[in-house]
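Structural features, examined
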Amino acid sequence: MNDFDKYNLWGIDLGGTKIEGIVLKSFQEPKSLLRLRVPTEAHLGYEHILHQVKILVDQMEAKVGFRPEIIGVGTPGVYIPHQGQMKNCNATVVNGRDLKKDLEKILRMPLVLANDANCFALAETKLGVVADKYPDAEVVFGIILGTGVGGGLVVNGKVIQGKHGIGGEWGHNYLYPGEGKICYCGKQGCNEQILSGPALEAYYTQKSGNQISLQKIYENHLKGTDPIASRTIERLLTGFAKALSVVVNIVDPDVIVMGGGVSNIDSLYTETYGILKEMIFNHEFETPLVKAQLGDSAGVFGAALLANLPNSIKIMHPA
Ligand SMILES: [Zn+2]
C-alpha cells in the first residue's frame, strides 16, 4: 500500500556533488513521499552526469511503480533558452551543453528545467517561510544572494517565467556600470558582480590588500575596527537596497525571502528598510524581508513543484 498516484510531482535537483530526487504527494499537499540521491561525480564528465540522473530516475520508478508525465529539474546554472545552453552551473562540465534536450533524450520523457532561484522562490512560497508566516501573500520575490545572485518571482503560487524565460532574473540588472568584474551575462557592474560573496570579498581585497571571508569582513565591521570592512558592508547594504528598489517599484511584493551565504548578513534585514525607503516611490517600506527556511532542500522541492503543469507550460516552450 502506498500513496503514489498520478497527482504526484517528481523533482530532481542537479547539484555539483549530489543529484537528489523527490516525489511529492501533490501540488495542493506537497509532502515528501520519497527522497533518493546519487553522487553527481561531475569529474567523470557530462555523459556520466546524464547517466547518473537516469540511474536516479530508474530507482525512483522502481520504488513508485511508474513514471510521471513530466519531471521538474532544478539546477544552479542558468538555461539560456535562445542558445539551448547551460551557463554558470557549478557542475561546470554541464556549461555550454543543452541539458534539457540531452536529459529528455536519455530519460525518454519531457522535463521542466528551471534555475535554482525559481525553485527556491516557489519552494519557500509553498512550503517554507512564506507558507509558514505569510500564507496570504500573493506576490513573493525570492532572492538568492550567495556565490551568485538570482531571483524568482511567484504570483499567486505560480512562477513568472516570462516571454524569454528570464522572469525574476534580478541578478543581472545593471547596478554600478563599469564596476566589478565583467560578468558571464556580458555586462560589467550587474548585481551579481557587486553583491555576490566573491564580489564583496574581491572589493575588500582590492581596497585593503588582505584576503578574508565575507563573514570575517562583517565581524570586523561590527567591531568597528576596520574601516574598509565597513565600506564593504555599506556597499552591500546600499547596493542591495538600490537593486531591490527597482523590484519594489514594479511588483511591490508582499514578502521578500532571501537565501544564500550573503543572506546571513543580519544587517540586511534591518538596515535595508531605512535605505530603501529613500529610493522607492513611497515614504514607507514595510514589506517583510525574511530569511529562507528550507536550506538546501528548497532546490529539490521547488523542482518538483514546477512539475505541476500550469507552472511549467511557459518554460517548456521558451520563446
Ligand atoms: Zn551579470
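One can find the structure itself at the top, above this paragraph.
Quick look at the structure, then. (Residues numbered from 1 in each chain as written. Predicted model: local features only at pLDDT ≥ 70, side-chain atom pairs only at ≥ 80, totals over all residues. Heavy atoms only, no water.)

1. As for the overall build of the protein chain
Where we set the bar: The secondary structure listing takes helices from DSSP runs of H or I that are at least 4 residues long and strands from runs of E that are at least 2 residues long, numbered from the N terminus. Using C-alpha atoms as the atom set, the radius of gyration is obtained and then compared with a globule rule of 2.2 Å times the number of residues to the power 0.38. When a residue's accessible area, from a 1.4 Å probe over protein chains only, is under 20% of the maximum for its type it is buried; when over 50% it is exposed; and in between it is partly exposed. Per-residue and other accessible areas follow the Shrake-Rupley method at a 1.4 Å probe size, with only the shown protein chains counted as cover for residues. Lys and Arg are tallied as positive, Asp and Glu as negative. Neither His nor the chain termini are counted. To locate a charge, take atom NZ for lysine, CZ for arginine, CG for aspartate or CD for glutamate.
Tallying secondary structure elements over the protein chain gives 11 helices and 12 strands in all. In terms of overall dimensions, the protein chain is globule-like: its C-alpha atoms have a radius of gyration of 20 Å, near the 20 Å expected for 319 residues. In the protein chain, which comprises 319 residues, the proportion classed as buried is 53%. By element, 51% of the accessible surface of the protein chain is carried by carbon and sulfur atoms, the whole surface being about 14500 Å². Here the protein chain carries 30 positive and 33 negative side-chain charges, and the mean point of each set is 6 Å from the other.

2. Description of the coordination of the zinc ion
Counted only if it meets this: Coordinating donors are taken as N, O and S atoms within 2.8 Å of the metal, stretched to 3.2 Å for Na, K and Ca; because water is absent from the atoms, sites can appear incomplete. Geometry is assigned from the angles between donors: four donors with all angles from 85 to 135 degrees make a tetrahedral site, four or six donors whose opposite pairs exceed 155 degrees while the rest stay between 65 and 115 make square planar or octahedral sites respectively, and everything else is labelled irregular.
Looking at the zinc ion, one finds its protein donor set to be H172 (ND1), C183 (SG), C185 (SG) and C190 (SG), positioned 2.0 to 2.4 Å from the metal centre. In this structure, the zinc ion is coordinated by four donor atoms arranged in tetrahedral fashion, with angles at the metal of 102 to 119°. Along the chain, the residues that donate to the zinc ion are spaced as H-x10-C-x1-C-x4-C. On the basis of relative accessibility, which here comes to 5%, the residue C183 falls in the buried class.

3. A few points about the pattern of salt bridges
The cut-off we apply is this: The salt bridge criterion pairs a side-chain nitrogen of Lys or Arg with a carboxyl oxygen of Asp or Glu, the two atoms within 4 Å.
By the definition in use, this model includes 10 salt bridges. Three or more residues are tied together by salt bridges with common partners; here these are K18, E20, R35 and R37.

4. Brief notes about the packing of aromatic side chains
Here is the rule: Any pair of Phe, Tyr and Trp rings, taking the six-membered ring for Trp, is counted once the centres come within 6.5 Å. Such a pair is stacked with planes under 30 degrees apart, edge-to-face with planes over 60 apart, and tilted for the rest. Ring-over charges, as used throughout, are those where CZ of Arg or NZ of Lys falls within 6 Å of the ring centre and within 35 degrees of the ring normal.
One pass over the full model with this rule turns up three aromatic pairs. Geometrically, the ring pair formed by W170 and F240 is edge-to-face, given 6.2 Å between the ring centres and 90° between the ring planes. Of this pair, W170 sits in the loop between β10 (158-159) and α5 (191-195) while F240 sits in helix α8 (residues 227-251), and the two are 70 residues apart along the sequence. In this pair, the class of W170 matches that of F240, namely buried. When the ring of Y273 is compared with that of F285, the centres are 5.3 Å apart and the planes differ by 40°; the resulting orientation is tilted. Pair noted here: Y273 is in helix α9 (residues 268-276) and F285 is in the loop between α9 and β12 (289-291), with a separation of 12 residues, a long-range link. On the accessibility criterion, Y273 (23% relative accessible area) is partly exposed. With a relative accessible area of 6%, F285 lands in the buried category. An aromatic cluster is built from F141, W170 and F240, whose rings are joined through pairwise contacts. The aromatic ring of F27 is capped on one face by K126, whose charged end is 4.1 Å from the ring centroid.

5. Some details on the pairing of strand β11 (residues 255-259)
Applied cut-off: Two strands are counted as paired when DSSP detects at least two bridges linking them. A clockwise course of the path from the first strand over the helix to the second, judged with the strands pointing away from the viewer, identifies a crossover as right-handed.
The element β11 is largely enclosed, with a buried count of five among its five residues. Burial of the side chains of β11 extends over both faces: V255, V257 and G259 are buried on one face and I256 and M258 on the other. As paired strands, strand β8 (residues 139-145) and β11 are joined by five bridges and run parallel to one another. Bridging from a neighbouring strand, G142 pairs with V257 of β11. Direction of pairing for β11 relative to β12: parallel, over a ladder of three bridges. Directly across from V257, in β12, lies its bridge partner V290. For the handedness criterion, the β-α-β arrangement of β11, α9 and β12 is classed as right-handed.

6. So, the sheet that holds β12
In spatial order, the strands read β10-β9-β8-β11-β12; together these five strands make up an open sheet with mixed pairing. Pairing within the sheet leaves two strands with one partner each, and these edge strands are β10 and β12.

7. A look at the nonpolar core
This is how it is decided: Joining through side-chain atoms within 4.5 Å is the link that ties buried Ala, Val, Leu, Ile, Met, Phe, Trp, Tyr and Cys residues into a set, and such a set is a nonpolar core. Residues are treated as being in contact if the distance between any of their heavy atoms lies within 4.5 Å.
Formed by 36 residues in total, the largest nonpolar core has its most connected members in W170, L244 and L268. Looking at this core, the elements that each hand over two or more residues are β8, β9 (149-155), α5, α6 (197-208), α7 (214-223), α8, β11 and α9. Not counting the four nearest positions on each side in its chain, L268 is found in contact with L145, L236, L237, F240, M258, V262, S263 and L289. Within the second largest apolar cluster, 31 residues are counted, among which are V112, A137, V255 and L305.

8. Topic: the packing of helix α1 (residues 46-64) against helix α2 (residues 99-107)
This is how it is decided: Inter-axis angles, ranging from 0 to 180 degrees, are taken between N-to-C directions of lines fitted to C-alpha atoms, where helices are fitted over the stretch in contact. In what follows, roughly perpendicular refers to angles from 65 to 115 degrees, roughly parallel to angles under 35, roughly antiparallel to angles over 145, and oblique to any angle outside these ranges. In a left-handed crossing the near helix is turned counterclockwise from the far helix by less than a right angle, and in a right-handed crossing that turn is clockwise. Amino acids are sorted into nonpolar (Ala, Val, Leu, Ile, Met, Phe, Trp, Tyr, Cys and Pro), charged (Asp, Glu, Lys and Arg) and polar (every other residue, Gly among them).
Where α1 meets α2, the closest approach of the two axes is 10 Å, and the angle between their N-to-C directions is 50°. If you check the angle between α1 and α2, you find them oblique. Seen from above, α1 lies across α2 with right-handed handedness. Contacts between α1 and α2 involve Y46, L50, H51, V53, K54 and V57 from the first element and L99, D102, L103, I106 and L107 from the second. Of the residues in the contact of α1 with α2, the class split is eight nonpolar, one polar and two charged.

These figures capture arrangement, not role.
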